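Structural features, examined
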Amino acid sequence: MSDAGGPYLFDVGVIALAHTETPVRDAALSYIRDAIAGDIEAVVPYPALFGAHTVLTTYYGQSNEDASRLLENFMDAKRIHWYDRMPDEIVRGGFARACSANIGGWDGYSAQVAIEEEVDTVLTIDYDFERFDAFATEVILSSDEFNELNRFLET
């Protein structure tokens, strides 16, 4: 793990990857396990679970039933700070961040939540969050691991 420190916000890609059978899942699963055990402070917006469900069923080929069961089990983790608010100012702030950083609305929302919750580090599998100075970004996959994941997804 990085020295950037927590609290950590878990991006959709990290949540989904941890709940797969890919050869690189351990990069994400180690963080999920640490969060569940309370070894790191984690922030997970509830809407990220719906995003992870979509990723699991669309890209990783899991059934709706399996994806739902896995994510519901993850929701039982009591040591994770589940961000359950979606007030107007957070949504609008997310769109403003998406626009200013030229990223997707989902990442803009996650960035806004990270700022609202004073998160130190966003854990992700892409580089979009590096456009923000309010928190550190930790891309959990190396270039080789990302290439391995892409090869896995192509099969």
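Structure first, text after, so check above.
Throughout this description, residue numbers start from 1 for each chain and increase along the sequence as written. Only residues with pLDDT of at least 70 are given local features in this predicted model, and only at 80 or more are side-chain atom pairs given and counted; all residues enter the totals for whole chains, interfaces and linings. Side-chain metrics rest on all non-hydrogen atoms present in the structure, leaving aside hydrogens and water.

In this section: the side chain of His53. Strands here are runs of E lasting at least two residues and helices are runs of H or I lasting at least four, both read from the DSSP assignment and numbered beginning at the N terminus. Looking at where His53 falls in the secondary structure, it is placed in helix α3 (residues 46–58). Definition of a polar contact: a pair of N or O atoms within 3.5 Å, with one able to donate and the other able to accept a hydrogen when the atoms are protein atoms, and with sequence-neighbouring residues admitted only if both atoms are side-chain atoms. A distance of 3.1 Å separates a polar atom in the side chain of His53 from a polar atom in the side chain of Ser68. In this view, His53 contacts Asn64, Ala67, Ser68 and Leu71; residues no more than four positions away in its chain are not counted. Contacts are assigned to residue pairs with any non-hydrogen atoms lying within 4.5 Å of each other.

Before going further, it helps to spend a moment on the sheet that holds strand β4 (residues 121–124). Paired through their backbone hydrogen bonds, the strands of a sheet run either parallel or antiparallel. Paired strands, as defined in this entry, are two strands with at least two bridges between them according to DSSP. Strands sit in the order β3-β2-β1-β4-β5 across an open sheet of five strands; the sheet is parallel. Edge positions in the open sheet fall to β3 (81–83) and β5 (136–139), since each of these has one partner strand only. The average angle at which neighbouring strand axes cross in this sheet is 30°, direction not considered. The sheet contact formed by β4 and β5 spans four bridges and is parallel. Residue Val122 lies in a different strand from β5, and its bridge partner there is Thr137. Fitted lines through C-alpha atoms give the axes, limited to the stretch in contact for helices. The angle between two N-to-C directions lies from 0 to 180 degrees.

Turning next to the nonpolar core. In globular proteins that are soluble, nonpolar side chains generally tend to be buried together. If you look at the biggest cluster of nonpolar residues, it comprises 35 residues, and the most contacted ones within it are Phe10, Ile15, Leu17, Phe74, Ile80, Ile140 and Leu141. Not counting residues within four places of it along the chain, the set of residues in contact with Ile15 comprises Phe10, Val44, Ala48, Leu49, Ala52, Leu71 and Phe74. The set of buried Ala, Val, Leu, Ile, Met, Phe, Trp, Tyr and Cys residues whose side-chain atoms join them within 4.5 Å is what this entry labels a nonpolar core. Working definition: with a 1.4 Å probe on protein chains only, accessible area under 20% of the residue-type maximum means buried, over 50% means exposed, and in between means partly exposed.

What follows is about the pairing of strand β2 (residues 42–45). On a regular strand, one side chain projects to one face of the sheet and the next to the other, so that they alternate. Both faces of β2 are covered, namely the face carrying Ala42 and Val44 and the face carrying Val43 and Pro45. The pairing of strand β1 (residues 8–10) with β2 spans two bridges and is classified as parallel. By the bridge assignment, Tyr8 is partnered in β2 with Ala42. For β2 and β3, the ladder comprises three bridges, and the chain directions are parallel. Paired with Pro45 across the two strands is Tyr83, which belongs to β3.

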